[in-house]
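# An overview of the molecular structure
Now for the letters of each chain:
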Amino acid sequence: MRKYDAAVIGGGLSGLTSSIYLAKAGLSVVLLEKANQLGGRSVTVKKNGAMLNLGLHALYKGGAAEEVLNELGIPVKGGIVPAKGGMVWNNKLYRLPGNPFAILTSKLLSASAKLEIVQFVARLAKIDPKALPPISFREWAEKEINDPMIRHLIYAVCRTNTFVPYPELLLAAPGVRRLQLVFKGNQVIYVDRGWGQMVESLRQEAIRAGVAILCGKHVAEIEHDGRVRQIRFHDGETLEIPYVVVTAGPGETCKLVKNAEHTSLREWRDRAKPIYAACLDVALRKLPYPDDPKRHFTFFLDQPIFVSTPSAISDASEDGSAIIHVCKDIGFGSDHPKNDESHLERALDFIQPGWQKELVARQFLPKITVAHDFDSIDRFGKRYGPSVPEVRGLYVSGDWTGQSEVLVDAVFASAKRASEEILREYNNAEGRANGGSGRAV
């Protein structure tokens, strides 16, 4: 195999982003993906003409993801989620109080609750999340909110936008930051034609930057002696390489790195708290209730379930199908996938009764990894990566290496940080003051 300045392991959003930054800076880069296609959990599956993501995906304006995509010149086309929606309480559907009129006319909120939520939203906009103490989101919410129904609403919104169903474990800062984006309005984007379009745009940009992309290339081990030396593949081939970015989760990264048990990777793996979701994604010929915005984006206040209809605001499928994602946050996991599937079906029955008569395609994901870790209260002040201190030239990125960012924002931000660390070391190395050649040798 030809020699390169850097290798990126993993062809998802993080891997593609890192490879582009490195290649644009002049390094020769190879991207290694064990699957036969790029994208990881961001692929879009085509079923009977309908385009289905792997569960619910959303991009937040003003977050790290949008910043990085703009910096790389990657266009993101989609629809902005309006401040309209519904909430379910005790098997009744109510309008989501996402604007002043909805608050004043809400049949769920008492008069005192209406006043309190207006005051709360005003205070929320002025909070600096970085200045919050290391307390849980629950502790913060209990101090800030008096009305029980408003607490239920706030917990449901936070749970949906972080996928963490444990407010007693989630740090207050990332939860508050997500709330601010939601209540600010016009901040959530559903990408046209699924996230596969974003993956394809990144792939094309990587190719333009000179990245060599190898799919079906399965890494067996990253060999080192305190400094990265080479990558060994399952087919017996080897690649001498001075810099490696691994974009897998902490568990898989440990398996790839030789003697990882004697590095910080072991601690990062053991401390990580992966979170999961059960997802039912369907494509319908048409929505049984197409004109009711309460049924397009619906929070269940008394269950960890959210129903979203991206096709109501974005070009979600090439054949005009109505796309619905029903998500149940199962936290650290569930041993009852059949029960979870039934819960999701019942939720869809409630929101769009008669949906099965219009069914074009469906997929059930019993336990999809939402994130390999999250900002829990016991992680305050602790950071993972981007460099692995005990192995020079080894870097990590991905959703578990965020520094206050959440989900896809952590994916893009960490990819940029890992690339910047490599470039600093590369340009400071003897004979590299002017950067790399930008070509494979």
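What counts and how
Residues numbered from 1 in each chain as written. Predicted model: local features only at pLDDT ≥ 70, side-chain atom pairs only at ≥ 80, totals over all residues. Heavy atoms only, no water. UniProt positions renumbered as here; feature names shortened; annotations may be inferred. Helix = DSSP H or I, 4+ residues; strand = E, 2+ residues; numbered from the N terminus. Polar contact = N/O pair within 3.5 Å; in protein donor to acceptor, adjacent residues only side chain to side chain. Contact = heavy atoms within 4.5 Å. Phe/Tyr/Trp six-rings, centres within 6.5 Å; stacked < 30°, edge-to-face > 60°. Lys NZ or Arg CZ within 6 Å of the ring centre and 35° of its normal. Axes fitted to C-alpha atoms, helices over the stretch in contact; angles between N-to-C directions. Parallel < 35°, antiparallel > 145°, perpendicular 65-115°, else oblique. Left-handed = near helix turned anticlockwise from the far one by under 90°. Nonpolar A, V, L, I, M, F, W, Y, C, P; charged D, E, K, R; others polar. Pairing = 2+ DSSP bridges. Salt bridge = Lys/Arg side-chain N within 4 Å of Asp/Glu carboxyl O. Buried < 20%, exposed > 50% of the residue type's maximum accessible area, 1.4 Å probe, protein only.

Per an unreviewed UniProt entry, the protein carries the name Phytoene dehydrogenase enzyme and comes from Brevibacillus borstelensis AK1. In its Sequence similarities (unreviewed entry) section, UniProt records this for the protein: "Belongs to the carotenoid/retinoid oxidoreductase family. CrtN subfamily."

### Considering the side chain of T44
Locating T44 in the fold gives a position in strand β3 (residues 44-47). Engagement of the side chain of T44 in a polar contact is seen with the backbone nitrogen of W195, the distance being 3.1 Å. Not counting residues up to four positions away in its chain, the partners in contact with T44 are M51, L52, N53, R193, G194, W195 and G196.

### Some details on the packing of aromatic side chains
Within a pair of aromatic rings, the relevant descriptors are the distance that separates the centres and the angle that separates the planes. What the rule picks out here adds up to 11 aromatic pairs. Here the aromatic cluster, defined as three or more aromatic residues joined through ring pairs, consists of F120, F137, W140 and Y155. Lying over the aromatic face of Y60, R178 brings its terminal NZ or CZ to 4.0 Å of the ring centre. Taking NZ or CZ as reference, K367 lies 4.5 Å from the ring centre of Y276, over its face.

### A short note on the packing of helix α5 (residues 137-144) against helix α6 (residues 148-162)
Viewed as axis vectors pointing N to C, α5 and α6 meet at an angle of 150°, and their least axial separation amounts to 11 Å. One finds that α5 runs roughly antiparallel with respect to α6. At the point where α5 passes α6, the crossing takes the right-handed sense. On the side of α5, the interface is formed by F137, R138, A141 and E142, while α6 contributes R151, I154, Y155 and C158. Classifying every residue of the contact of α5 with α6 gives 5 nonpolar, no polar and 3 charged.

### Observations concerning the sheet that holds strand β5 (residues 59-60)
The sheet built from 3 strands is open, its strands ordered β5-β9-β6 with antiparallel pairing. Edge strands, defined here as strands with exactly one partner in the open sheet, are β5 and β6 (78-80). Summarising the sheet, β5 and strand β9 (residues 188-191) pair through 2 bridges and their orientation is antiparallel. Bridge pairing in β9 links L59 to I189.

### Description of the pattern of salt bridges
Throughout the structure, instances matching the rule amount to 36 salt bridges. Residue R266 is joined to D270 by a salt bridge in which the shortest nitrogen-to-oxygen separation is 3.9 Å. Residue R266 and its partner D270 are located together in helix α10 (residues 264-271), separated by 4 residues, close to a single helical turn. One salt bridge connects R362 with E345, and the closest N-O pair in it is separated by 3.0 Å. Here R362, found in strand β19 (residues 359-371), pairs with E345, found in helix α11 (residues 337-351); they are 17 residues apart in sequence, far enough to count as distant. For R362, a relative accessible area of 28% puts it in the partly exposed group. Through salt bridges with shared partners, a single ionic network connects E261, R266, R269 and D270.

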